[in-house]
Amino acid sequence: MKKILVITLTVLAIMSFKGIDLAGNEFKIVGTVSTDFNGQKVYLAKTINEEVMDKLDSTTVKNGKFTFSGVADKPEQRLIYFEDKLMDGQIALYTEKGNITVNVNSEDIPKSVVGGTLNNNALAKLNVILIEVGKKEQAFKDEHMDNFNKAKSEGDVETQNRIVNEYSKLTKEYNKKYIAFIKENPNSLICAELFPIILKDQDAKAKDLKPVYDKMGPEPKSTQMGQKVEEYLNQMLASEKAMEATEIGKTAPDFSAATPNGKTLSLNQAKGKVTIIDFWASWCGPCRKENPNVVAMYNELHDKGLNIIGVSLDKDDAKWKGAIEKDNLTWQHISNLQGWDEPIAVQYGVTSIPATVILDKNGVIVARNLRGEALKAKVKELLAE
């Protein structure tokens with residue numbers, strides 16, 4: 001079975017018809033299709049997962065027409081498909097109060113067009129954008145994919161990075177279109193579904209996207225996706241503010257927490273001529289893999305003024321202490337044992353580990369997230385000052 005489409009990928013035109021008066025939250029779907037489909041069974045369904053659909057209603061095509069009717073207490077994503085042409089794809093739409101049109105593209109069913117109500121009209125508008133995006137995606141792939149694969153096989157990092165950067169510019173162009181769509185259709189449920197696509201851009205900032213989200217209507221905000229997006233944007237916003245407060249050139253804000261022996265230790269107490277704040281955890285594989293390098297550097301440079309304070313994102317006290325002992329981490333350690341809710345990590349905008357923050361003799365942040373030889377070189381440079 002073809003992967004079920006939640007959003008149709010192309011659009012032809014929105015067909016209108018003289019709607020009938022509906023009571024309450026009733027909806028009526030009127031479909032138009034080639035008379036070649038006469039006698040075919042057509043279903044209205046909802047998705048359970050990518051491979052399973054739950055049939056909600058069925059009818060038969062007569063004289064190139066089919067209809068469904070029902071009650072929708074709230075808009076719901078649904079699918080229409082023809083029994084004899086299920087492998088050819090489905091038609092996505094929203095069941096919601098009002099008269100809904102479905103203009104079936106008999107040659108390419110997923111290219112069928114829905115309209116007539118707020119969310120279905122918005123879906124049709126979005127499909128216009130998606131057509132353009134799809135064409136540009138394919139053109140980019142045709143032009144660059146062979147070169148990228150060749151560069152990858154030859155270890156040509158420069159060419160790979162160039163192509164990746166060009167693709168990144170293209171995705172930013174798409175995101176501008178999606179954001180414009182959200183602003184123009186703030187009450188459409190499909191708006192909430194666009195945010196995960198926009199947020200795939202690593203350069204996306206919550207400070208730019210949260211105002212866009214805030215201007216959406218209550219309906220898209222109240223959906224499960226809308227609530228998840230709001231929570232994620234709020235987390236991003238807090239992290240961005242923390243990063244701004246702890247960016248390079250700023251004085252590192254003080255903090256304190258419990259050491260493995262239960263005493264309280266602050267950053268100011270742990271500072272040396274050069275100080276590394278090392279965010280890690282016993283359960284973090286890359287952290288544990290990097291630890292031998294940090295141990296060797298610390299043993300070599302501690303007497304010259306290097307201090308390290310480890311901030312663990314552990315929750316298990318025994319595992320935290322066990323990792324310190326096993327990895328021979330002889331510098332000072334603290335933790336609130338709150339995992340990703342570690343207040344110090346939140347304070348410094350740390351969203352992935354291992355992470356390092358390097359301070360000079362004045363407690364000013366001079367670098368972040370250096371590892372291996374790059375970290376050692378920076379420490380030596382600072383110690384020589």
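Under an unreviewed UniProt entry, the protein has the name Redoxin domain-containing protein and belongs to Flavobacterium rakeshii. Under the Subcellular location (unreviewed entry) heading, UniProt states for the protein: "Cell envelope".

Counting its regular elements, the protein contains eleven helices and 15 strands. Its C-alpha atoms give the protein a radius of gyration of 28 Å, clearly above 21 Å, the size a compact globule of 385 residues would have. Dimensions of the protein, computed from C-alpha atoms along their principal axes, come out at roughly 90 × 50 × 35 Å. Of all 385 residues assigned to the protein, the portion counted as buried reaches 45%. Counted over contacts in the protein with a minimum sequence separation of 6, partners at least 24 positions apart contribute 64%. Of the roughly 20000 Å² of accessible surface on the protein, 49% is carried by carbon and sulfur atoms. Between the centroid of the 51 positive side chains of the protein and the centroid of its 53 negative side chains there is a distance of 1 Å.

What follows deals with the pattern of salt bridges. Opposite charge on two side chains permits pairing when their charged atoms draw close. Within the structure shown, the criterion is met by 15 salt bridges. Measuring nitrogen to oxygen at the nearest pair gives 3.9 Å for the salt bridge that ties K207 to E244. Of the two residues, K207 is situated in helix α4 (residues 206-214) and E244 in helix α6 (residues 224-245); the sequence distance between them amounts to 37 residues. Under the relative-accessibility criterion, K207 is labelled partly exposed at 49%. When its relative accessible area of 39% is taken as the criterion, E244 is described as partly exposed. When salt bridges that share partners are traced, they join E132, K136, E173 and K177 into one network.

Here we come to the domain arrangement of the protein. Partitioning the protein into domains gives domain 1 (26-116), domain 2 (122-245) and domain 3 (250-384). At the interface, five residues of domain 2 touch seven residues of domain 3. Ranking the residues of domain 2 by area buried against domain 3 places A242, M243 and A245 at the top, with a combined share of 70%. Inspection of the domain 2/domain 3 interface yields zero salt bridges. Inspection of the region where domain 2 meets domain 3 yields one residue pair in polar contact (both at pLDDT 80 or more). In the side of domain 2 that touches domain 3, the residues fall into three nonpolar, one polar and one charged.

With that out of the way, let us pick up the environment of Y232. Looking at where Y232 falls in the secondary structure, it is placed in helix α6. The spatial distance from the C-alpha of Y232 to the C-alpha of P196 is 9.9 Å, given a sequence separation of 36 residues.

Our focus in this paragraph is the sheet that holds strand β13 (residues 332-334). Read across the sheet, five strands follow the order β13-β12-β11-β14-β15 without closing on themselves; strand pairing throughout is mixed. Of all strands in the sheet, those bounded by a partner on one side alone are β13 and β15 (365-368). This sheet shows a mean twist of 20° between the axes of neighbouring strands, independent of strand direction. Relative to strand β14 (residues 355-359), strand β11 (residues 274-280) is paired through five bridges, and the arrangement is antiparallel. Counterpart to D278 in the pairing with β14 is T356.

Here the focus is the environment of F148. By secondary structure assignment, the location of F148 is in helix α1 (residues 118-154). Overall, the relative accessible area of 21% leaves F148 in the partly exposed class. Each C-alpha atom, one on F148 and one on I163, is 6.9 Å from the other, the two residues being 15 residues apart in sequence. For F148, the residues in contact, after removing those within four places along its chain, are Q160, I163 and V164.

Further remarks concern the pairing of strand β1 (residues 26-32). The element β1 is extensively covered by neighbouring structure, given that five of its seven residues are classed as buried. With seven bridges connecting them, β1 and strand β4 (residues 65-71) associate as antiparallel partners. When the sheet's bridge partners are listed, T32 is paired in β4 with K65.

For the pair helix α3 (residues 190-198) and α6, the least separation of the axes is 8 Å and the interaxial angle reads 40°. Taken together, the axes of α3 and α6 lie oblique to each other. Like other packed secondary-structure pairs, α3 and α6 cross with a definite hand, here left-handed. Taken together, the residues of α6 that come into contact with α3 (itself represented by A192, E193, F195 and P196) are M225, G226, V229 and L233.

Turning next to α4. By the burial criterion, the buried members of α4 are A206, L209, K210, V212 and Y213. Along the axis of α4, the buried positions cluster into a sector of 160°, meaning they face one direction only. Buried positions along α4 lie against α2 (157-184), α3, α5 (218-222) and α6.

Basis of the calculations
- Residues numbered from 1 in each chain as written.
- Predicted model: local features only at pLDDT ≥ 70, side-chain atom pairs only at ≥ 80, totals over all residues.
- Heavy atoms only, no water.
- UniProt positions renumbered as here; feature names shortened; annotations may be inferred.
- Helix = DSSP H or I, 4+ residues; strand = E, 2+ residues; numbered from the N terminus.
- Rg over C-alpha atoms; globule rule 2.2 N^0.38 Å.
- Buried < 20%, exposed > 50% of the residue type's maximum accessible area, 1.4 Å probe, protein only.
- Contact = heavy atoms within 4.5 Å.
- Areas by Shrake-Rupley, 256 points an atom, 1.4 Å probe, with all protein chains shown as cover.
- Lys, Arg positive; Asp, Glu negative; His and termini not counted.
- Charge placed at Lys NZ, Arg CZ, Asp CG, Glu CD.
- Salt bridge = Lys/Arg side-chain N within 4 Å of Asp/Glu carboxyl O.
- Domains from an automatic or database assignment.
- Buried area = accessible area lost by both parts, 1.4 Å probe.
- Polar contact = N/O pair within 3.5 Å; in protein donor to acceptor, adjacent residues only side chain to side chain.
- Nonpolar A, V, L, I, M, F, W, Y, C, P; charged D, E, K, R; others polar.
- Pairing = 2+ DSSP bridges.
- Axes fitted to C-alpha atoms, helices over the stretch in contact; angles between N-to-C directions.
- Parallel < 35°, antiparallel > 145°, perpendicular 65-115°, else oblique.
- Left-handed = near helix turned anticlockwise from the far one by under 90°.
- Arc of directions from axis to C-beta.

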